[in-house]
Amino acid sequence: MSVSRPNILLITSDQQHYSTLGTVNAKIRTPNLDRLAAEGTQFDRAYCNNPVCSPSRSTILTGLYPAWHGCWTIGVKLPEDVPTVGEQFQAHGYNSILVGKAHFQPLASQPGSESIECQPILRDLEFWRRFHGPWYGFNHVETARMHAHESHAGQHYAIWLEEKGLTNWRDYFQQWPPDPNDRYRGPQYTRGAMVWDLPEALHHTHWVGERTVANIERSVQEGKPFFLWASFFDPHPPYAVPEPWAGMYDMEEMEPGQLMRGEMDDMPPHFAKTQEEHPDFTAYQEPGGHVLHGFHSHLHSEHELRQSMVAYYGMISLIDSEVGRILDALDRLGIAENTLVLFSSDHGHFLGQHGLIAKGPFHYEDMLRIPMIVRYPGVVPAGIRSNALQCQVDWPVTWLCAAGIPVPGMMQGRNQLGVWAGNLTDARDWVLVENRHNPTTVHLRTLITGRFKITVYRNATYGELFDLEADPQEVHNCWDDPAYAGIKADLLLRFVQAEIQREPTRMPRIAGA
């Protein structure tokens, strides 16, 4: 394989807090990700461009912000006519492959917004035996839709389970249609945890690892470079994982995040409501909206949260074991030197920080920052930690540049290859995060700079301004602080400049008129 045509391997987890790597957290065991970091560069200031699954993943796939690619929250379909980075790779002789979670389409289907990621299609295994793409720029797809033991299980994962002899796989997942007596029903989506009795060898994390290696081997046999997205489902709740991973960590050693006294006093109103036993969020409901993730009581016991953390850490360590399998395969096949590997996640997660659990429109670092490691031997320096601002919209542009493929003007990201290679200090001085979870009532945007973070809400005079240097724990909102009035004015102007600068140029100007 020509060294001028590197393989591109994207490995993602789902909803992983940026601190859950062994390189920065001695309480979690991730030896294979630690190895990847030792052989590459770890970026400590990496951010998602939307802290919700579908829009974030669609940005990774297209190099566009959600306001441009159209998948503005979950439950919204990524239009199938939006150009993707996989199409660019295919046009230049690459295999373009997805293994694992997609979540590009909603759990419902209607004319004009047709979805194959919904019931009853999810469990129509004859459909999935025939379907492997093309789909969103991938010429080969092996996908599934559930988290842990959710009822959305099916698709190519279920076919694999049957091939492995687990013909009664439905018995290990929540029932469809829903059953009020389902043995897997419980609070594990936000609180506590359970030991999942699924045979450990048949966990979907092993499926993603096994099928990723198989597809890499196929590409090598075909003599074709590959763009492959290995998309793991964990550690997204429900907090359910089999042994030995469920018992890998000691609950007493977990250190949940904390709510500081008075820190919600100067925050927008939906923050304080999370600390009520029965909060009323009806003011945020509107036509065209659906479930508002995070708009519920976040009150929890420390015992529950420690249970959740044990499962959450176990899920990550299980992923790490399969990352090791994939890295070993690259070595065995002799292609590690010519493969750019990027490990990251779609967005962050709360484990008690600021009194919050899981996710929601709370733009703290816990929600927006993501783990990010890049390895590309001979190009990306080894064993380096970088504070250069990184974000997902830049990844497709940078991958194409690494492969020597022209970047479409439609893409909105920056080329980070010089930063990844250690030749440039930075490629951007701001990151912009969108979040439109309802058409108008939950609609916010955040601008992050080297030192500050400012968040603006649609139709609201309140907002957030944090000085990440003076207040790294984000407990003092400076939005109304007179001492920060000048900084606030400057940041709002930079916000407008960022909005202008990110406008894409789909077609070049080629004449005077």
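Q: Just checking my understanding: could you explain the sheet that holds strand S13 (residues 384–386) for this structure?
A: Across a sheet, strands are paired by hydrogen bonds formed along the backbone, either parallel or antiparallel in direction. Strand order in the open sheet made by the eight strands is S5-S4-S7-S1-S9-S12-S2-S13, with mixed pairing throughout. Strands with a single pairing partner mark the edges of an open sheet, and in this sheet they are strand S5 (140–144) and S13. Neighbour-to-neighbour, the strand axes of the sheet open up by a mean angle of 10 degrees, direction not taken into account. Pairing of strand S4 (residues 95–101) with strand S7 (residues 226–231) involves six bridges; the strand directions are parallel. The residue of S7 that forms the bridge with valine 99 is alanine 230. The strands touched by helix H9 (residues 302–332) within the sheet are strand S1 (7–13), S7, strand S9 (339–345) and strand S12 (372–375), with S1 carrying the most contacts at an inclination of about 170 degrees.

Q: Please clarify how the pairing of strand S15 (residues 431–436) should be interpreted in this entry.
A: Regular strands show a simple pattern: their side chains alternate between the two faces of the sheet. Counting buried residues in S15 gives five out of six residues, a clear majority hidden from the surface. Alignment of S15 against strand S16 (residues 443–448), held across six bridges, turns out to be antiparallel. Pairing of arginine 436 across the sheet is with histidine 443, part of S16.

Q: Teacher, can you tell me more about the sheet that holds S16 here?
A: In spatial order, the strands read S15-S16-S17-S18; together these four strands make up an open sheet with antiparallel pairing. Looking at the sheet topology across the chains shown, the edges are occupied by S15 and strand S18 (463–467). Put simply, the sheet's adjacent strands are angled 10 degrees from each other on average, direction ignored. Helix H13 (residues 485–501) contacts S15, S16, strand S17 (452–457) and S18 of the sheet and is inclined by roughly 75 degrees relative to S17.

Q: Please clarify how the pairing of S5 should be interpreted in this entry.
A: For S5, a buried count of five out of five residues is recorded, marking the element as mostly surrounded by other parts of the structure. Along S5, one buried face is formed by His140, Glu142 and Ala144 and the opposite face, lined by Val141 and Thr143, is buried too. Bridge count for S4 against S5 is five bridges, and the pairing is parallel. Paired with isoleucine 97 across the two strands is histidine 140, which belongs to S5.

Q: Quick question: what am I supposed to make of H9 here?
A: Because an α-helix completes one turn every 3.6 residues, residues spaced three or four positions apart along the sequence face the same direction. Across its 31 residues, H9 extends 45 Å between first and last C-alpha, which sits within 8% of the 45 Å expected from 1.5 Å per residue. Within two residues after H9, glycine 334 carries a phi angle of roughly 75 degrees, on the positive side.

Q: What exactly am I supposed to notice about unusual backbone geometry here?
A: Here the bond from glutamine 119 into proline 120 is cis, since omega is 5 degrees, no more than 30 degrees from zero. Its identity is not glycine, yet histidine 103 carries a phi of approximately 60 degrees, on the positive side. Along the chain, the position of histidine 103 falls in the loop between S4 and helix H5 (125–130). Positive phi is not limited to glycine here, since alanine 148 has a value of about 45 degrees. Tracing the backbone through its elements, the reader meets alanine 148 in the loop between S5 and helix H6 (155–163).

Q: Can you help me understand the packing of aromatic side chains in this one?
A: Both the distance between ring centres and the angle between the ring planes are used here to describe each pair of aromatic rings. All told, the structure shown has 30 aromatic pairs when counted by the stated rule. Between phenylalanine 127 and phenylalanine 131 the ring centres are 5.6 Å apart and the planes differ by 10 degrees, which places this aromatic pair in the stacked class. Here phenylalanine 127 falls in the partly exposed class, since its relative accessible area comes to 21%. Taking relative accessible area as the criterion, phenylalanine 131 reaches 15% and is therefore assigned buried. Arranged with centres 6.4 Å apart and planes meeting at 65 degrees, the rings of tyrosine 239 and tyrosine 312 form a pair that is edge-to-face. Here tyrosine 239, found in the loop between S7 and strand S8 (240–241), pairs with tyrosine 312, found in helix H9; they are 73 residues apart in sequence, far enough to count as distant. Among the aromatic residues, ring-to-ring pairing joins Phe104, Phe127, Trp128, Phe131, Trp135, Tyr136 and Trp229 into one connected group. We note arginine 428 situated over the ring of tryptophan 430; from NZ or CZ to the ring centre the distance is 4.9 Å. Taking NZ or CZ as reference, arginine 502 lies 4.5 Å from the ring centre of tyrosine 65, over its face.

Q: Is there a simple way to think about the nonpolar core in this case?
A: Note on soluble globular proteins: their nonpolar side chains tend to be buried together. Membership of the largest hydrophobic core comes to 132 residues, with the highest contact counts inside it found for Phe89, Phe104, Trp399 and Trp420. Looking at this core, the element that brings in the most residues is H9, giving six residues. Residues contacting tryptophan 399, with those up to four places away along its chain left out, are Ile8, Leu10, Ile60, Val85, Phe89, Phe227, Leu340, Leu342 and Trp420. Counting 16 residues, the second-largest nonpolar core is a separate cluster that includes Val310, Ala311, Met315 and Leu351.

Q: For this particular structure, what's the right way to read a nonpolar patch on the surface?
A: Where nonpolar side chains cluster on the molecular surface, the patch consists of Leu493, Val496 and Ile500 and spans about 290 Å² of accessible area. Within the element layout of this structure, isoleucine 500 appears in helix H13.

Q: Any chance you could explain the side chain of aspartate 14 here in plain terms?
A: Positionally, aspartate 14 belongs in the loop between S1 and helix H1 (31–38). By relative accessible area, which is 0% here, aspartate 14 ends up buried. For aspartate 14, the side chain forms a polar contact with the side chain of lysine 101, separated by 2.4 Å.

Q: Any chance you could explain the pattern of salt bridges here in plain terms?
A: Two side chains carrying opposite charge are able to pair once their charged atoms lie near each other. In this structure the tally under the stated criterion is 30 salt bridges. When the shortest N-O distance is used, the salt bridge between arginine 57 and aspartate 14 registers 3.5 Å. Of this pair, arginine 57 sits in helix H2 (residues 53–62) while aspartate 14 sits in the loop between S1 and H1, and the two are 43 residues apart along the sequence. The buried category is assigned to arginine 57, whose relative accessible area is 0%. The salt bridge partner of glutamate 142 is arginine 211, with a shortest N-O separation of 2.7 Å. Within this pair, whereas glutamate 142 is found in strand S5, its partner arginine 211 is found in helix H7 (residues 204–222), the two being separated by 69 residues in sequence. Under the relative-accessibility criterion, glutamate 142 is labelled buried at 6%. Connected through salt bridges with shared partners, the residues Arg35, Glu39, Asp328, Asp331 and Arg375 form a single ionic network.

Q: Is there a simple way to explain the state of the cysteines in this structure?
A: As used here, a disulfide is simply a covalent bond connecting the sulfur atoms of two cysteines. On inspection of all chains with the given rule, the structure shows zero disulfides. Note on cysteine 53: no disulfide assigned, nearest cysteine sulfur contributed by cysteine 71 at a separation of 10 Å. Under the relative-accessibility criterion, cysteine 53 is labelled buried at 1%. No disulfide involves cysteine 401; its sulfur sits 14 Å from the nearest other cysteine sulfur, which is in cysteine 391.

Cut-offs and rules
- Residues numbered from 1 in each chain as written.
- Predicted model: local features only at pLDDT ≥ 70, side-chain atom pairs only at ≥ 80, totals over all residues.
- Heavy atoms only, no water.
- Pairing = 2+ DSSP bridges.
- Helix = DSSP H or I, 4+ residues; strand = E, 2+ residues; numbered from the N terminus.
- Axes fitted to C-alpha atoms, helices over the stretch in contact; angles between N-to-C directions.
- Contact = heavy atoms within 4.5 Å.
- Buried < 20%, exposed > 50% of the residue type's maximum accessible area, 1.4 Å probe, protein only.
- Expected span 1.5 Å × (residues − 1).
- Phe/Tyr/Trp six-rings, centres within 6.5 Å; stacked < 30°, edge-to-face > 60°.
- Lys NZ or Arg CZ within 6 Å of the ring centre and 35° of its normal.
- Core = buried A, V, L, I, M, F, W, Y, C linked by side-chain atoms within 4.5 Å.
- Patch = residues over 30% accessible without salt bridge, like charges linked within 9 Å, V, L, I, M, F, W, Y side chains within 5 Å.
- Areas by Shrake-Rupley, 256 points an atom, 1.4 Å probe, with all protein chains shown as cover.
- Salt bridge = Lys/Arg side-chain N within 4 Å of Asp/Glu carboxyl O.
- Polar contact = N/O pair within 3.5 Å; in protein donor to acceptor, adjacent residues only side chain to side chain.
- Disulfide = S-S within 2.5 Å.

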